[in-house]
Amino acid sequence: MKIVILLGAPGSGKGTVAGRLASENEGLKHVSSGDLLRGAVAKGTAAGVEAKGYMDKGNLVPDALIAQMIKDVVAETTGDVTMLLDGFPRNLAQAKILEEMGAPVKSAVLIDVPDSIIQDRIAGRRTCPKCKAGYHVRNLPPKVEGICDACGEKLVIRKDDNPETVKDRLVVYHRETEPLIAFYRDKGLLKSVDGTIGVENVAAAFLKAM
Ligand code: AMP
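The following paragraphs examine the structure supplied in this document. Treat the numbers as computed from the prediction; the structure is a model and nothing was measured. Residue indices follow the written sequence of each chain, beginning from 1 at its first position. It should be noted that, the model being predicted, local features are given only for residues of pLDDT at least 70 and side-chain atom pairs only at 80 or more, the latter also being counted only at that level, while totals for whole chains, interfaces and linings use all residues. Side-chain numbers here rest on the full set of heavy atoms in the structure, without hydrogens or water.

Details of the overall build of the protein
Here is step 1 of the chain: Secondary structure assignment for the protein yields nine helices and seven strands.
Here is step 2 of the chain: Taken over C-alpha atoms, the radius of gyration comes to 16 Å for the protein, in line with the 17 Å a tight globule of 210 residues would show.
Here is step 3 of the chain: Principal axes of the C-alpha set define a box for the protein whose edges measure 45 × 40 × 35 Å.
Here is step 4 of the chain: Partly exposed describes any residue whose relative accessible area lies between the buried limit of under 20% and the exposed limit of over 50%, with all areas from a 1.4 Å probe on protein chains only and scaled to the type maximum. Out of the 210 residues belonging to the protein, those deemed buried represent 43%.
Here is step 5 of the chain: Pairs of residues are marked as contacts when any of their non-hydrogen atoms sit within 4.5 Å. Looking at the protein alone, contacts between residues at least 24 apart form 71% of all its contacts between residues at least 6 apart.
Here is step 6 of the chain: When the accessible area of the protein is evaluated, it comes to approximately 10,500 Å², of which 54% is carbon and sulfur surface.
Here is step 7 of the chain: Positive charges come from Lys and Arg alone, negative charges from Asp and Glu alone, with His and the N- and C-terminal ends not counted. Charge coordinates come from a single atom per side chain, which is NZ of Lys, CZ of Arg, CG of Asp or CD of Glu. Counting 29 positive and 27 negative side-chain charges, the protein places the centres of these two groups 1 Å from one another. Numbering of helices and strands starts at the N terminus; helices are DSSP runs of H or I of at least 4 residues and strands are runs of E of at least 2. Only the C-alpha atoms count toward the radius of gyration. The rule for a globule is 2.2 Å times the residue count to the power 0.38. Here the Shrake-Rupley method, with its probe set to 1.4 Å, supplies the accessible areas, and only the displayed protein chains count as covering residues.

Here's the deal with the nonpolar core
Here is step 1 of the chain: Think of a nonpolar core as a cluster: buried Ala, Val, Leu, Ile, Met, Phe, Trp, Tyr and Cys residues, connected wherever their side-chain atoms sit within 4.5 Å. By size, the foremost hydrophobic cluster in this structure holds 52 residues, and its most contacted members are Leu7, Leu84, Tyr184 and Phe206.
Here is step 2 of the chain: Considering each element in turn, this core owes the most residues, seven residues, to helix 4 (residues 63-76).
Here is step 3 of the chain: Once residues within four sequence positions are removed from consideration, leucine 84 is found in contact with Val4, Leu6, Ala18, Leu21, Ala22, Leu28, Lys29, His30, Val31, Phe206 and Met210.

Points about the site of the ligand
Here is step 1 of the chain: Neighbouring the ligand are 16 residues, the closest being Ser33, Arg38, Asn59, Gly87 and Gln94.
Here is step 2 of the chain: Counted as a polar contact is a pair of N or O atoms within 3.5 Å, where, for protein atoms, one must be capable of donating a hydrogen and the other of accepting one, and residues adjacent in sequence contribute only when both atoms are in side chains. In the environment of the ligand, an oxygen atom lies 3.0 Å from a nitrogen or oxygen atom belonging to the side chain of arginine 38.
Here is step 3 of the chain: Separating a nitrogen atom of the ligand from a side-chain N or O atom of glutamine 94 is a distance of 2.9 Å.
Here is step 4 of the chain: The fraction of the free accessible surface of the ligand (480 Å²) that becomes covered by protein chains is 96%.
Here is step 5 of the chain: Looking at the shell around the ligand element by element, the count peaks at four residues for helix 2 (residues 33-43).
Here is step 6 of the chain: Here the term charged refers only to Asp, Glu, Lys and Arg, the term nonpolar to Ala, Val, Leu, Ile, Met, Phe, Trp, Tyr, Cys and Pro, and the term polar to all other amino acids, Gly among them. Among the residues forming the shell around the ligand, the class breakdown is six nonpolar, five polar and five charged. The near set for a molecule or strand comprises every residue that places at least one heavy atom within 4 Å of it.

Here we look at the environment of glycine 13
Here is step 1 of the chain: Following the sequence through the fold, glycine 13 ends up in the loop between strand 1 (2-7) and helix 1 (14-24).
Here is step 2 of the chain: Glycine 13 sits in the buried class, given a relative accessible area of 18%.
Here is step 3 of the chain: Residues glycine 13 and glycine 198, 185 residues apart in the sequence, show an inter-C-alpha distance of 9.7 Å.
Here is step 4 of the chain: With sequence-adjacent residues up to four places away left out, glycine 13 is seen in contact with Ile111 and Arg121.

So this is what it looks like as structure tokens:
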């Protein structure tokens, strides 16, 4: 098992790109820390109850809480698989925890999108609560308005996708997560793709870069 880390701001398209690549390429597995956490919140587990307050405010959940979930997924992923790790690590402490897990990181790919575009992207974002597919009302609309192409479920707006929380999430991104770009660059693992060229093109560029 190898790991490819997806770096990028909220709304940069990490989940969309990783989801698409995993569905089209056998041997790629998409693991989203946000989806793991939302799953725990929906199930009402102890971790989910603890995480909810942080998530609703756009803050990061405690490192140990999300690290344990990632450890469990890493432990159960064996064989010739490349894990597309989306949303973890989110700060330097988590990057060190990932190193301590001993899971080999092949590369860290930054999906680069300026903040000015992010706000609009998140405002139009719609998500399938069942299969986690992502859409945008204008840039990536479903075939039938409000309905997931993949599984027919009714699409929702994520609770933390409101403009106020998005502002806070961007502040947290620049403060906590952006230092990871230099961290992985120093290790010779950083690649970067332009995240503004359309989903198909970003996915193709990502696959080449990783
Ligand atoms: P995402 O779906 O990646 O945008 O994550 C949604 C929310 O889940 C974030 O705003 C955080 O509250 C929480 N979260 C996701 N991944 C992490 C992480 N690695 N560390 C801390 N909090 C996280």
